[in-house]
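Chain by chain, the residues:
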Amino acid sequence: VQLQASGGGLVQAGDSLRLSCAGSGRTFSDYALGWFRQAPGKEREFVAAISRAGTVKRYAVSVKGRFTISRDNAKNTGILQMNNLNPGDTARYFCAVRQTVIGAVITTSGSYDNWGQGTLVTVSS
């Protein structure tokens, strides 16, 4: 499956952004979805993950309560709603998918085998 992430931009602290991950080529609902981010000079880190049907979700501690992951399988799209952004959220955000069983969520980047190109989020103070 091919992935295209979009929705990044330059915002101020406290603002919101909505990232999208559009999938094509395969049945999107066969795949668990995850969002990761990588800031300059840092390793890629887990942000959020969602199961195939969207019934199970996991969040990194740093974003829990501010970010919401969702998906619309009919539209082959994953969403990361980011609220109350702060400069620490500045990074390139990547979506990834992996074909897996129903109900599974994957929080480790090495377990994903399909990645989008990333979208840049910059939060100014």
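Up top is the structure these notes are about.
Residues numbered from 1 in each chain as written. Predicted model: local features only at pLDDT ≥ 70, side-chain atom pairs only at ≥ 80, totals over all residues. Heavy atoms only, no water.

### A few points about the sheet that holds strand β7 (residues 67-72)
With antiparallel pairing, the four strands of this open sheet are ordered in space as β1-β3-β8-β7. Among the strands making up the open sheet, the edge pair consists of β1 (2-6) and β7. On average, each strand axis in the sheet is inclined to that of its neighbour by 15°, with strand direction left out of account. (Pairing = 2+ DSSP bridges. Helix = DSSP H or I, 4+ residues; strand = E, 2+ residues; numbered from the N terminus. Axes fitted to C-alpha atoms, helices over the stretch in contact; angles between N-to-C directions.)

### Regarding the packing of aromatic side chains
The full count for this structure, using the stated rule, is five aromatic pairs. Taking 5.8 Å as the distance between ring centres and 70° as the angle between the ring planes, the aromatic pair formed by Phe36 and Phe46 counts as edge-to-face. Placement of Phe36 in strand β4 (residues 31-38) and of Phe46 in strand β5 (residues 45-50) is noted, with a sequence separation of ten residues between them. Among the residues examined, Phe36 registers a relative accessible area of 1% and is labelled buried. Here Phe46 falls in the buried class, since its relative accessible area comes to 18%. Each member of the aromatic cluster is reached from another via a ring pair, and the members are Phe36, Phe46, Phe94, Tyr112 and Trp115. Across from the ring centre of Phe94, 4.1 Å away, lies the NZ or CZ of Arg44, which sits over that ring. (Phe/Tyr/Trp six-rings, centres within 6.5 Å; stacked < 30°, edge-to-face > 60°. Buried < 20%, exposed > 50% of the residue type's maximum accessible area, 1.4 Å probe, protein only. Lys NZ or Arg CZ within 6 Å of the ring centre and 35° of its normal.)

### Considering the side chain of Arg37
Secondary-structure assignment places Arg37 in strand β4. Among the polar contacts listed, one links the side chain of Arg37 to the side chain of Glu45, at a separation of 2.6 Å. Among the polar contacts listed, one links the side chain of Arg37 to the side chain of Asp89, at a separation of 2.9 Å. Among all residues touching Arg37, those that are not within four sequence positions of it are Glu43, Arg44, Glu45, Val47, Ser62, Val63, Phe67, Gly88, Asp89, Ala91, Arg92 and Tyr93. (Polar contact = N/O pair within 3.5 Å; in protein donor to acceptor, adjacent residues only side chain to side chain. Contact = heavy atoms within 4.5 Å.)

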